[in-house]
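Summary of the model geometry
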Amino acid sequence: MARDANNGHIVQHTIGKIKMIDVGFIGLGIMGRPMAGHLQAAGHRLFLHDVGPVAQELVAAGGIVCKSGKQVADESDVVIVMVPDTPHVEAVLFGASGVAEGISKGKIVVDMSSISPLATKEFAKKINALGADYLDAPVSGGEVGAKAASLTIMVGGPERAFNTMKPLFEKMGKNVTLVGGNGDGQTTKVANQIIVALTIEAVGEALLFASKAGADPALVRQALMGGFASSRILEVHGERMVKRNFEPGFRIELHQKDLNLALEGARALGLSLPNTATAQQLFNSCAAQGGKAWDHSAMVKALELMASHEIGSA
């Protein structure tokens, strides 16, 4: 790892004629593991840390396992965090042996988790005070998008840091947008999760209606895919509903967390999000049935329970 001793800015090492950055990656779960893998495949040296054993394929390909967030920050030019919720990010950054203890001038911290916009602004101030830049860069696309490197990445923070990170983001996603300052990326992600939840609910209602009326929900979905009702949710999650595949790509408990952020934000802003609240209640119903780890497309199970009918049943 090279660094300019005069100003602390990142000095990228090279592989051939390509400038590279040493990347720290903390949080290597369903999403983080393939995301880190894409960066590794692009030639970036990875310094890795997770609460459990680090994925063996990353280690076998040259990833360096670190014992703490502090060590990751010491060794890396850029530290990417991909963990479930606001308290986890706070612990990774500012807990004992956390990233803040190893961060220094000119480095960049990138939080790609989905967390509170208000907390994000406070985290950014603390990291900035240590001389480093901070980007909030939550993603949309789920496990499928993470594996296919087709994620949508919504970024908040300084343009200089975004410009440094954009080539790395483009290894993990297809739609990469700087939407504003710190916190704006997380606000965009909350808005995304509102749309996704309400669309899952709409698809669930439509397919349940069709099935209860005696139509083949698979053929109904196929027909709707060619019309104005077509959407990525109808394509992917509608298929899950028809095929009864609720193995998690994005867990209900994580979407509940995101809608909590939406509803808490709405209360603070003095506005009403009535259908968001309804979607959250449907997720709550699924969780009460033991489904907090189901894929969020399983929201349809709450609708089926009220209808006493399962999509696709006779």
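Residues numbered from 1 in each chain as written. Predicted model: local features only at pLDDT ≥ 70, side-chain atom pairs only at ≥ 80, totals over all residues. Heavy atoms only, no water.

**Focus: the pattern of salt bridges**
Evaluation of the coordinates by the stated rule reveals 14 salt bridges. Across the pair D74 and K70 runs a salt bridge whose closest N-O atoms are separated by 3.1 Å. Taken together, the residues D74 and K70, both in helix α3 (residues 69–75) and 4 residues apart, mark about one turn of the helix. For K70, a relative accessible area of 30% gives the class partly exposed. Residue E253 is joined to R251 by a salt bridge in which the shortest nitrogen-to-oxygen separation is 2.8 Å. When salt bridges that share partners are traced, they join R244, E304 and E310 into one network. (Salt bridge = Lys/Arg side-chain N within 4 Å of Asp/Glu carboxyl O. Helix = DSSP H or I, 4+ residues; strand = E, 2+ residues; numbered from the N terminus. Buried < 20%, exposed > 50% of the residue type's maximum accessible area, 1.4 Å probe, protein only.)

**Some remarks on the nonpolar core**
If you look at the biggest cluster of nonpolar residues, it comprises 33 residues, and the most contacted ones within it are M35, I80, V110, M112, I153 and F169. At the level of elements, β5 (23–26), α1 (32–41), β6 (46–49), β8 (78–81), β9 (108–111), β12 (151–156) and α8 (159–172) are the ones that each hand at least two residues to this core. For this core, the element with the highest residue contribution is α8, accounting for 6 residues. Discounting residues that sit within four places of it in the chain, I80 has contacts with V23, G24, F25, I26, L39, V110, M112, M165 and M172. If you look at the next biggest cluster of nonpolar residues, it comprises 23 residues, including V196, L207, I233 and W294. (Core = buried A, V, L, I, M, F, W, Y, C linked by side-chain atoms within 4.5 Å. Contact = heavy atoms within 4.5 Å.)

**Quick notes on the pairing of strand β13 (residues 173–180)**
As paired elements, β12 and β13 share 6 bridges and run parallel to each other. Bridging from a neighbouring strand, M154 pairs with T177 of β13. Considered for its hand, the β-α-β crossover made up of β12, α8 and β13 is right-handed. (Pairing = 2+ DSSP bridges. Right-handed = clockwise from strand over helix to strand, strands pointing away.)

**A few points about the side chain of E304**
Note that E304 resides in helix α14 (residues 299–307). For E304, a relative accessible area of 6% corresponds to the buried category. When residues no more than four places from it in sequence are discounted, the contact partners of E304 are L208, R244, H309, E310 and I311.

**Some thoughts on the packing of helix α12 (residues 252–269) against helix α13 (residues 274–288)**
Remark: α12 packs on α13, axes separated minimally by 10 Å, with the N-to-C direction vectors making an angle of 150°. Judged on the interaxial angle alone, α13 and α12 are roughly antiparallel. The element α12 and its partner α13 pack so that their crossing is left-handed. Touching I252, H255, Q256, L259, N260, A262 and L263 of α12 are T276, A277, A279, Q280, F283, N284, C286 and A287, all from α13. Partitioning the contact of α12 with α13 into residue classes produces 9 nonpolar, 6 polar and no charged. (Axes fitted to C-alpha atoms, helices over the stretch in contact; angles between N-to-C directions. Parallel < 35°, antiparallel > 145°, perpendicular 65-115°, else oblique. Left-handed = near helix turned anticlockwise from the far one by under 90°. Nonpolar A, V, L, I, M, F, W, Y, C, P; charged D, E, K, R; others polar.)

**Let's talk about the packing of helix α10 (residues 217–224) against helix α11 (residues 232–243)**
As a packed pair, α10 and α11 sit with axes 10 Å apart at the nearest point and diverge in direction by 175°. What the angle tells us is that α10 and α11 run roughly antiparallel. Here P217, A218, R221 and L224 of α10 lie close against α11, whose contacting residues are L234, E235, G238, E239 and V242. Of the residues contributing to the contact of α10 with α11, the split by class is 5 nonpolar, 1 polar and 3 charged.

**Considering the pairing of β12**
The buried fraction of β12 amounts to 5 of the 6 residues, a majority that puts the element mostly inside the structure. Bridge count between strand β11 (residues 139–140) and β12: 2 bridges; the pairing is antiparallel. Its bridge partner being in β12, S140 is matched across the sheet by T152.

**Brief notes about unusual backbone geometry**
One non-glycine residue, S97, lies in the positive phi region at around 55°. Summarising the element assignment, S97 is placed in the loop between α4 (86–94) and α5 (99–102). Given the relative accessible area of 35%, S97 is considered partly exposed. Of note in this structure, A149 is not a glycine but carries a positive phi near 55°. By secondary structure assignment, the location of A149 is in the loop between α7 (142–148) and β12. Its relative accessible area of 13% is what places A149 among the buried residues.

**Some points on the packing of aromatic side chains**
The tally for this structure, following the rule as stated, stands at 2 aromatic pairs. Ring geometry for F94 versus F123: centroids 5.6 Å apart, planes at 55°, classification tilted. Of this pair, F94 sits in helix α4 while F123 is found in helix α6 (residues 117–129), placing the two residues 29 residues apart along the sequence. Residue class for F94 comes out partly exposed when judged on its relative accessible area of 26%. Relative accessible area serves as the criterion here: at 4%, F123 is assigned to the buried category. With centroids separated by 6.4 Å and ring planes inclined at 40°, the aromatic side chains of F162 and F169 adopt a geometry described as tilted. Taking NZ or CZ as reference, K126 lies 5.0 Å from the ring centre of F94, over its face. (Phe/Tyr/Trp six-rings, centres within 6.5 Å; stacked < 30°, edge-to-face > 60°. Lys NZ or Arg CZ within 6 Å of the ring centre and 35° of its normal.)

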